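The residues making up each chain are set out below.
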Amino acid sequence: MNAIKVGLLGIGTVGGGTFHVLRRNQEEIKGRAGRGIEITMVADLDVARAKAIVGDACEVVADARAIIDNPEIDIVVELIGGYGIAKELVLEAIRRGKHVVTANKALLAVHGTEIFAAAHTKGVMVGFEAAVAGGIPIIKALREGLTANRIEWVAGIINGTTNFILSEMRAKGAPFAEVLKEAQRLGYAEADPTFDIEGIDAAHKATLMSAIAFGIPVQFDKAHVEGITQLQATDIKYAEQLGYRIKLLGVARRREQGIELRVHPTLIPANRLIANVEGAMNAVVVQADAVGTTLYYGKGAGAEPTASAVVADLVDITRLATADPEHRVPHLAFRPDAMSSAPILSMDQVRTSFYLRLRVADEAGVLSRITTTLAEHDISIDAVLQRESAEGERQTDLIILTHDTVEGRMNKALAQMQTLSSVLAPIVKIRKEELA
Ligand code: HSE
C-alpha cells in the first residue's frame, strides 16, 4: 500500500521533532500503522530554515495554501498556533476532505465546536493528542483507555512553565518576579509569558479534557482562569508547614448540578504523587468510578515529546482513515448525538476547601471574631496556624485551613472578615484540593 502523505504547516520546534521522529522510527511506525507515513510537503515562511531541517526529503513552500490545495496530501499537520490563519487553514483542509492533526490547544478550546462539527460533516478526523500535556497520552487515556468509566474528576499540572516557576519559588523561597526572570533566562518561559503565567494555556488544556471526560462541548469562555502572578512565596512556605504544596492545577469535576472547570493555584497534600511533580514536568490525575485513581506523568512540551503525540495521531489516522466514520473514536469521546448539556458551574457554586492568610492585629479577641464569622457562614475550620509575632511587632499572620464549602459562601464570609478593624491587609485565599 502507498505511504500516507502528510503536509506540515510550520516547522518550528515541534515540526522539526515530528520530522525527525518519523524518519528515525519509520520502520517501526510503518509496522504499526500498516503503511508508511511520509511528510512530502512542508510550509514555512522561513523557507531556508525549513530546508535546513528537511534537506531534500520533501518539498518546502512558503505558502501553506499550496499544501491545502495539493490533492495528494492526505493529512495536514497544523503547527502554526493561534486562532487566526491556523483556523482558516484547518477549516479549509477539512473542507477539502483532509484529516488534520494539531497541537493547537488555543484553537480547539475556543473554536473546537465549529472545527469538530466541520470534520464530522466531512467524515475526516482531527487528532489533537499533542494539544494537552505534550507527550503524555492523556487524550487517548480519557477517550479510549478509560471508556468503560464514569469519570468523576480530572486534575492536572498541565503547564510546565508555571510548574517550573512554582518549584523554584518553593526551593529558593524567591518571589515570583525574580523566578520568572530566571525562567526566561533559562528558556523555560517565553519572552511574553502571559499565556502561561496567567493560566490561559492550562485553561485551554483543561477545557479540552473536560469535554472528553464528560461529553460536553468545549467551553473555554466559561472556564475560571487564574494564574500564578499574585502568588507569594510566603504562602508557599506556610502551605509547606501545614503539609501542602501549591501547584497550578487545571480541574474539571462533575457535580450534581453541573461541571466545575477551573485553573488556579491550589494547595495539594504534599504526600500525593502529583504534589511531587517538579520542574517543567506535567502530570494528570483522573478519578473514575471503575478503575479508581490513575496518574499520567511526563514531558508536557519540547520537540520530541510533543512529536511523539503528533506521530501517534498520524498513526491512528493512518489505521482508521478507511474505516466507516460512524465506527471511529468520536473526537470528543462521545458521539455528537450523545453529548451532555450539563452546564459549567459559576465559581460561586464551586466546592473546595480553602487556605486563608490574614494579616491581623495581635490583640485579644481577634481569633474569636474571625472564627465566629466563619461559623456564622457555616464554614468549618480544619486547621489554624498562628505565627508568633516578631519582637516588638503588634501584628501577625493567621493561617486557616477550612473544610469544603461553596465559594460563594466563602466570599461572603471573607467580605465580612475584611471589614474587621483587626484585619490589616487584604485576605489571601487559595483553594485546596485533597485529591483523595
Ligand atoms: N507553554 C506550555 C508549557 C507548553 O509551559 O507547558 C505548550 O503548551
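Higher on the page you've got the structure.
Scope of this entry: the structure provided in the associated data block.

Cut-off values and rules
Residues numbered from 1 in each chain as written. Predicted model: local features only at pLDDT ≥ 70, side-chain atom pairs only at ≥ 80, totals over all residues. Heavy atoms only, no water. Helix = DSSP H or I, 4+ residues; strand = E, 2+ residues; numbered from the N terminus. Rg over C-alpha atoms; globule rule 2.2 N^0.38 Å. Buried < 20%, exposed > 50% of the residue type's maximum accessible area, 1.4 Å probe, protein only. Pairing = 2+ DSSP bridges. Expected span 1.5 Å × (residues − 1). Phe/Tyr/Trp six-rings, centres within 6.5 Å; stacked < 30°, edge-to-face > 60°. Axes fitted to C-alpha atoms, helices over the stretch in contact; angles between N-to-C directions. Parallel < 35°, antiparallel > 145°, perpendicular 65-115°, else oblique. Left-handed = near helix turned anticlockwise from the far one by under 90°. Contact = heavy atoms within 4.5 Å. Nonpolar A, V, L, I, M, F, W, Y, C, P; charged D, E, K, R; others polar. Near = heavy atom within 4 Å. Polar contact = N/O pair within 3.5 Å; in protein donor to acceptor, adjacent residues only side chain to side chain. Salt bridge = Lys/Arg side-chain N within 4 Å of Asp/Glu carboxyl O.

1. Comments concerning the overall build of the protein
Now for step 1: Each helix and strand counted, the protein has 15 helices and 17 strands in total.
Now for step 2: A globule of 436 residues ought to have a C-alpha radius of gyration of about 22 Å, and the protein, at 24 Å, matches this closely.
Now for step 3: Along the three orthogonal principal directions, the C-alpha set of the protein runs to about 80 × 45 × 35 Å.
Now for step 4: Put simply, the protein has 436 residues, and 56% of those count as buried.

2. Examining the pairing of strand S1 (residues 4-9)
Now for step 1: S1 sits mainly inside the fold: five of its six residues count as buried.
Now for step 2: When S1 meets strand S4 (residues 75-78), the two strands line up parallel, connected through four bridges. Among the inter-strand pairings, Val6 is bridged to a residue of S4, identified as Ile75.

3. Focus on helix H11 (residues 200-214)
Now for step 1: Between its terminal C-alpha atoms H11 stretches 21 Å, which fits the 21 Å expected from 15 residues at 1.5 Å a residue.
Now for step 2: A large share of H11 lies buried, amounting to 15 of its 15 residues.
Now for step 3: Looking one or two places after H11, you find Gly215, whose phi comes out positive at around 65 degrees.

4. What about the packing of aromatic side chains?
Now for step 1: Inspection of the entire model under this criterion finds two aromatic pairs.
Now for step 2: Between the aromatic rings of Phe116 and Phe128, the centroid separation amounts to 5.4 Å while the plane-to-plane angle is 45 degrees, which identifies the pairing as tilted. You can see Phe116 sitting in helix H6 (residues 105-122) and its partner Phe128 sitting in the loop between strand S6 (126-127) and helix H7 (138-145), a full 12 residues away along the chain.
Now for step 3: Taking relative accessible area as the criterion, Phe116 reaches 6% and is therefore assigned buried.

5. A few points about the packing of helix H8 (residues 160-172) against helix H9 (residues 176-186)
Now for step 1: Two numbers describe how H8 lies on H9: the axes approach to 9 Å, and their chain directions differ by 125 degrees. Classified by the interaxial angle, the pair formed by H8 and H9 is oblique. H8 and H9 meet at a crossing whose hand is right-handed. Between H8, through Phe164, Ile165, Glu168 and Met169, and H9, the contact on the second element is made entirely by Phe176, Val179, Leu180, Ala183 and Leu186.
Now for step 2: A breakdown of the residues in the contact of H8 with H9 according to their chemical character gives eight nonpolar, no polar and one charged.

6. So, the site of the ligand
Now for step 1: Close to the ligand lie Lys105, Asn159, Gly160, Thr161, Asp196, Asp201, Lys205 and Ala301, which account for all nearby residues.
Now for step 2: Backbone polar atom of Gly160 to an oxygen atom of the ligand: 2.7 Å apart, as the coordinates give it.
Now for step 3: The class makeup of the residues in the shell around the ligand is one nonpolar, three polar and four charged.

7. Things to note about the pattern of salt bridges
Now for step 1: Taken as a whole and judged by the stated rule, the model has 35 salt bridges.
Now for step 2: Arg245 is paired through a salt bridge with Glu240; the nearest N and O atoms lie 3.9 Å apart.
Now for step 3: Arg245 sits in the buried class, given a relative accessible area of 14%.
Now for step 4: Salt-bridge contacts for Asp337 lead to Arg335; the nearest nitrogen and oxygen are separated by 3.8 Å.
Now for step 5: On the basis of relative accessible area, Asp337 is assigned to the exposed category, the value being 65%.

8. Concerning the packing of helix H14 (residues 366-376) against helix H15 (residues 407-418)
Now for step 1: The geometry of H14 relative to H15 is characterised by a closest axis approach of 9 Å and an angle of 150 degrees between their N-to-C directions. Our classification of the angle between H14 and H15 gives roughly antiparallel. Every pair of crossing elements has a handedness; the one defined by H14 and H15 is right-handed. Where H14 approaches H15, its residues Ile370, Thr373, Leu374 and Glu376 are matched on the opposing element by Met410, Ala413, Gln416 and Met417.
Now for step 2: For the contact of H14 with H15, the per-class residue count stands at five nonpolar, two polar and one charged.

9. As for the pairing of strand S11 (residues 281-288)
Now for step 1: Most of S11 is tucked away, with eight of its eight residues classed as buried.
Now for step 2: Where burial is concerned, the two faces of S11 agree: the one with Met281, Ala283, Val285 and Gln287 and the one with Asn282, Val284, Val286 and Ala288 are both buried.
Now for step 3: Where strand S7 (residues 151-157) meets S11, six bridges bridge the pair, whose relative direction is antiparallel. Across the sheet, the residue bridging to Val154 is Val286, located in S11.
Now for step 4: Alignment of S11 against strand S12 (residues 292-299), held across eight bridges, turns out to be antiparallel. In the sheet register, Gln287 faces S12, and the bridge partner there is Thr293.
Now for step 5: Connecting the antiparallel pair S11 and S12 is a turn made up of three residues.

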